[in-house]
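A closer look at the structure
Okay, here's what each chain looks like letter by letter:
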Amino acid sequence: MADSDVPWIKLTAEKLGKYFRKPKLNQKLLSKPPVRYIRDIIGSLQNATGYPRGLYTKDVMNADGKAIRAWTRDQRIGFLARMHACVETSLGKKIQFFPEKASAGTAPEDTNAVLQGLADSATLLKAGKLTMGPVLKNIAGKGWGGAPGGSGDESGVKAKAEMEEKERAEKAAAAAAEKERQDRENKEKALRAKERAAKEKAEKEKALAREKALAKEKALAREKARDEEDARERMEGEGAERARPNNEAAVGVGDMSIPKPDSLESAVATSKALLSPLIKKPTLNDKYLSRPPVRYIHDICINLVKNTGYMSGLLNSEDLDPKAFKTADSRTKARFIQKVVKICNAALGITLPIKIKDVILGQEPINTNMLLHSMAKGAIAKIPSSTIRDRLAGASGPSKSSSRRSAREDSKRSARTSKPISQPDDLRSMALKAAADAEKKKVEMPKLNIGNISSKKSEEDPAAYHAAAKAHEEERQKELRSARQTSRPMTARRAPPKVRSHLVEEKKKMIADNETEATGLITEDAKGEDVDEDEDQEDDGLLGAGAADQPDASEKHGKLVTDILKFQNQHASQEEEEEKGGNNSGSQFKFGRIKKRGGKSSATFYSAEQIVFLRDKIQQLCRSATPLGKCIDFVCEDMDSMNKELAQWNRLYERECEVQEKVSKETEGILKPLTDQLMQLERAVDLEKRTAVQIQAQIMRNEKTIEDLIQAQAGL
């Protein structure tokens, strides 16, 4: 029974609840009674009291939910109107009720009044004050759901049968149309699903091919990077091993030395013996010490700092936070291990043979235990943090970036200092400054390697000029050697061409055993000029020694070489004439001042200043041409790499085109039978539509005939 505060719902539940328990009389259903619910109440009341038996046919009373939902609006309204007429006839009074509203679920109070009338009528029937025969006779033909024409009316039974046949035909046509529509939709869905599957399959194959290509490229890149890293670590390890003598025996000197254990068992035992007096946590067991994890080393550091104060102030709070270290990445852990290793090395003055990568990966456990030994010994020695900090500050050198920066600055500075002196005035001023020193020290200066080319006639002494040039060149070479880097960066390009000196060391004269008496007597000729006889011999020797290197006058040369050869020939002819004149004079010695060679001559030749100027220009050209040539080489390499990359992408494009063409053909092959089947189904649908139209026309004709028969029968 419904527990409700609405009085008419409560009254309905009380009156009907005396006769049945199902359906439940709750507020939700009684506040808006549906047609099926009302039919179920009538059925339960009829089974309990017999009222209103015969009001509806067995088909109406036994109809299930699907059949009731198939009722039309008029049928529902007729069903409710027949019930209302029966209740009013049974009670003999009028009850306000609108079947249209009740069918739509509105006016629930009126519907509950009719249901209360059903309960009152059942009470009268059960008390013997009411019979169903007169009631059914009075309401014959009213509403829908009862036997047409009343009980025993054959024409009504026939009309009912015809109506039922009509309804069945309509239902069959509707069911056929619905089935046809569903089949068509299912086929379309299947076709779309197959197309979608084929498309997804092709896309997956393309994506898989791309992923394989990318994975292969990434694998090659990782392999290359791994090989480079291994090679770099191997070179660093070899350099560390060479710089660290006798590491296999022990690291350090004296009490601060860390001997390398012979085996892992001895390393673990030493770690236990050194750390057990200092810390209680973490537990020092063989399982962890035989292959110390990074977190285990971190816990040991935390407890060492906490119990002994060793390394306090050198490790910050983030380094000593176990929660943060637990979720830290491998790079953070590697920095922590590197910091601890540096602290131990600075504290004990040693260099531990430890690779950070091995500690992180759990490799080389003996070396990792040596790190624990160094930590324990530093804690036992109670080395202050300030001392360790000072050692770290003293041992720290310039970073790689700063060293590279300083190397670049040194190279620039050396390049600036290596520029040759292009102003002849500066060279003359330096020559005048060094002239006095050359006179005092009696320096024998070397000669130019371009032959006996005389300079312009000037007031300066040629010997002083050469002395200054040599001094300047030696100073520049010294600065170059001091500024030269010990090792060039791997990314540096080829260095600019070195500026060679225009001075050459004079070849040492070989004194033969069969040489005649020494020359070198200075005599004075009639003009009063001093003559050095060795000077002619030295000049002849130099000319003779360099004769093999002189260019052939018969060959075709440029203007510079041609002028030099012309000047040499003229100089040689002048010397021959002077020798002939000296022989004819009849005197062996000449007293007087030395003649200045290379007086004014009509022949064109190049002075030393012009040679220096020409040399500077050639060097500038070389400095500009060498990087340009290197850049051109790089451009060629870039073009080759871009051509290779273009060829690679072209091959990939061709492969993808082949895959796409293959998938398209497969898709067409798969869809061809489906397309044929779809065309056949469309033709069948058209045929069925025409058949349905014919059947509907026949049904309409039959309905017309039935209606005529009913009217004729009613007229009789």
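None of the values given here were measured: they were computed from a predicted structure.

**Quick look at the overall build of the protein chain**
Secondary structure assignment for the protein chain yields 24 helices and four strands. In the protein chain, buried positions account for 27% of the 716 residues. Taking as baseline every contact in the protein chain between residues at least 6 positions apart, the subset at least 24 positions apart corresponds to 71%. By element, 53% of the accessible surface of the protein chain is carried by carbon and sulfur atoms, the whole surface being about 48,500 Å².

**A closer look at unusual backbone geometry**
Leaving glycine aside, a negative phi is the common case for residues, and trans is the common case for peptide bonds. A cis geometry characterises the amide bond from Lys22 onward to Pro23, with omega recorded as 0 degrees. Here Pro23 shows up in the loop between α1 (7-16) and α2 (27-30). A cis amide bond links Tyr51 to the next residue, Pro52, at an omega of 0 degrees. Inspection of the secondary structure puts Pro52 in the loop between α3 (35-49) and α4 (58-61). The phi dihedral of Met311 is positive, around 70 degrees, even though this residue is not glycine. Structurally, the position occupied by Met311 is in the loop between α13 (294-308) and α14 (322-326). For Glu364, which is not glycine, the phi dihedral falls at a positive 50 degrees. Looking at where Glu364 falls in the secondary structure, it is placed in the loop between α16 (356-361) and α17 (365-381).

**Some words on the packing of aromatic side chains**
Scanning the entire structure with this criterion turns up five aromatic pairs. Relative to Trp144, the ring of Trp71 lies with its centre 5.2 Å away and its plane at 75 degrees, an arrangement referred to as edge-to-face. Of the two residues, Trp71 sits in the loop between α5 (65-69) and α6 (73-91) while Trp144 sits in the loop between α9 (132-138) and α10 (154-243), which places them 73 residues apart along the sequence. For Trp71, a relative accessible area of 9% gives the class buried. With a relative accessible area of 22%, Trp144 lands in the partly exposed category. Here the aromatic cluster, defined as three or more aromatic residues joined through ring pairs, consists of Tyr56, Trp71, Phe79 and Trp144. Above the plane of the ring of Phe98 lies Lys101, whose end atom (NZ or CZ) is 4.9 Å from the centre. If you follow Lys333 out to its NZ or CZ, it ends over the ring of Phe325, 5.9 Å from the centre.

**Concerning the side chain of Ser44**
As for its placement among the helices and strands, Ser44 is situated in helix α3. Beyond its immediate stretch of four places on either side in the chain, Ser44 contacts Phe20, Lys22 and Pro23.

**A closer look at the state of the cysteines**
Evaluated as defined, the whole model comprises zero disulfides. In this model Cys301 remains outside any disulfide bridge; the closest cysteine sulfur is found in Cys344, 7.4 Å from its own. Owing to a relative accessible area of 0%, Cys301 belongs among the buried residues under this scheme.

**Some details on α3**
Taking 1.5 Å as the rise per residue, α3 with 15 residues should run 21 Å; its terminal C-alpha atoms sit 21 Å apart, in good agreement. Of all 15 residues that make up α3, eleven are buried, and the element is covered over most of its length. Listing the buried residues of α3 in full gives Val35, Tyr37, Ile38, Arg39, Ile41, Ile42, Gly43, Ser44, Leu45, Gln46 and Thr49. Summarising the contacts, the buried residues of α3 are in contact with α1, α2, α4, α5, α6 and α8 (108-126). Phi turns positive, to about 90 degrees, at Gly50, one or two residues after α3.

**Considerations on the pattern of salt bridges**
Inspection of every chain in the model, using the stated rule, returns nine salt bridges. As a salt-bridge pair, Asp40 and Arg39 come within 3.0 Å of each other at their nearest N and O atoms. For Arg39, a relative accessible area of 6% corresponds to the buried category. Each of Glu178, Arg181 and Glu185 takes part in salt bridges that share partners, so that together they form one network.

**Overview of α1**
Where α1 is concerned, the buried positions are Ile9, Thr12, Ala13 and Leu16. All buried residues of α1 fall inside an arc of 95 degrees around its axis, so they share one side. For α1, the secondary structure elements touched by its buried residues are α2, α3 and α8.

**Re the confidence of the model for the protein chain**
Per-residue pLDDT for the protein chain has a mean of 75; in total, 67% of the residues score no lower than 70. Ignoring residues within four places in sequence, the model shows residues 483-492, a span with pLDDT below 50, making nine contacts including any to other chains. The low-confidence segment residues 501-549 (pLDDT under 50) makes 75 contacts with residues lying over four places distant or belonging to another chain.

**What to know about the packing of α13 against α17**
Packing of α13 against α17 brings their axes to within 11 Å, and their N-to-C directions diverge by 5 degrees. Relative to α17, α13 is oriented roughly parallel. Only Thr368, Leu372, Met375 and Ala379 of α17 make contact with α13, whose side of the interface consists of Ile297, Ile300, Cys301, Leu304 and Thr308. Residue classes in the contact of α13 with α17 are distributed as seven nonpolar, two polar and no charged.

What counts, and where the lines are drawn
Residues numbered from 1 in each chain as written. Predicted model: local features only at pLDDT ≥ 70, side-chain atom pairs only at ≥ 80, totals over all residues. Heavy atoms only, no water. Helix = DSSP H or I, 4+ residues; strand = E, 2+ residues; numbered from the N terminus. Buried < 20%, exposed > 50% of the residue type's maximum accessible area, 1.4 Å probe, protein only. Contact = heavy atoms within 4.5 Å. Areas by Shrake-Rupley, 256 points an atom, 1.4 Å probe, with all protein chains shown as cover. Phe/Tyr/Trp six-rings, centres within 6.5 Å; stacked < 30°, edge-to-face > 60°. Lys NZ or Arg CZ within 6 Å of the ring centre and 35° of its normal. Disulfide = S-S within 2.5 Å. Expected span 1.5 Å × (residues − 1). Salt bridge = Lys/Arg side-chain N within 4 Å of Asp/Glu carboxyl O. Arc of directions from axis to C-beta. pLDDT = per-residue confidence, 0-100. Axes fitted to C-alpha atoms, helices over the stretch in contact; angles between N-to-C directions. Parallel < 35°, antiparallel > 145°, perpendicular 65-115°, else oblique. Nonpolar A, V, L, I, M, F, W, Y, C, P; charged D, E, K, R; others polar.

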